[in-house]
Amino acid sequence: MSLPFFYLDQLNAPSVVLDEDTSKHVVQVLRMKKGEELLLTDGKGTRARAVVSDDNRKRCEVTVISTEKEEERKHRVTIAISLLKNASRFEWFLEKATEIGVSGIIPLMCERTEKERFRHDRMKSILVSAMLQSQQSFLPELHHPTEFSKLAEQDGYQNKFIAHCLPGQKPSLPSLQKNASTSIILIGPEGDFTSNEIQQALSKDYLPVSLGSTRLRTETAGIVAAVLLVSGL
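For the structure given in this document, a descriptive report is provided here. Keep in mind the model is a prediction, meaning the values are calculated, not measured.

## Structural notes on unusual backbone geometry
Of note in the backbone geometry, aspartate 192 takes a positive phi value of approximately 75° without being a glycine. If you trace the backbone, aspartate 192 turns up in the loop between strand 11 (182-187) and helix 6 (195-203). Phi at aspartate 205 is positive, roughly 75°, even though this residue is not glycine. Take aspartate 205: it is sitting in the loop between helix 6 and strand 12 (207-209). Taking relative accessible area as the criterion, aspartate 205 reaches 59% and is therefore assigned exposed.

## Observations regarding the packing of helix 2 (residues 87-100) against helix 7 (residues 218-231)
One way to put it is that helix 2 packs onto helix 7 with a least axis distance of 9 Å and a crossing angle of 10°. One finds that helix 2 runs roughly parallel with respect to helix 7. From helix 2, Arg89, Trp92, Phe93, Lys96, Ala97 and Ile100 reach across to helix 7, where they touch Glu219, Gly222, Ile223, Ala226, Val227 and Val230. For the contact of helix 2 with helix 7, a count of residues per class yields eight nonpolar, one polar and three charged.

Calculation criteria
- Residues numbered from 1 in each chain as written.
- Predicted model: local features only at pLDDT ≥ 70, side-chain atom pairs only at ≥ 80, totals over all residues.
- Heavy atoms only, no water.
- Helix = DSSP H or I, 4+ residues; strand = E, 2+ residues; numbered from the N terminus.
- Buried < 20%, exposed > 50% of the residue type's maximum accessible area, 1.4 Å probe, protein only.
- Axes fitted to C-alpha atoms, helices over the stretch in contact; angles between N-to-C directions.
- Parallel < 35°, antiparallel > 145°, perpendicular 65-115°, else oblique.
- Contact = heavy atoms within 4.5 Å.
- Nonpolar A, V, L, I, M, F, W, Y, C, P; charged D, E, K, R; others polar.

Encoded structure:
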């Protein structure tokens, strides 16, 4: 049976006091006692094995007994995806994209984006839960909502793709992947990107791609792109 797995944003001391929510889960829900072991990660690749040294339900203290550093993924994938009017669908995307292993998620504000409110703390907690559930030690970087026009101007990615629904020559995403360390793909809102947005992306060397022969919901397109890019299919 695997050890319970928890997230701490800092793992730089041999003795660590867990926050109140985690302490409550460890002591009251799991009924862990002094001397029992658990796993910790900082979401940056460090995984630590620790033992409960003080089973206080509000300030549970653990002592790290060993650590290991996982190798960072060779191919970092960022999904820039429009916010959705239905928040639960966007949250579903966050969860599944984390499980798949994306490195970054950028909530996009496009001309046709209907949802503007974004609860960063709640969204990050979804990423943390998905990371732990899938037994990973790297937490995707969750950016704050970014205007499409500002993102299109940014550089720093070796592979740059845009998935849109307008007709035209659009090779399949797998056929365009190159041996690169960083990739980003833009996924539009319900109603798709506007023609102006598409032209702006193309002018910044984004390549138009197809994600298949059917029309996909925004969150589904994001997941398909994540699978193709992370797995290198």
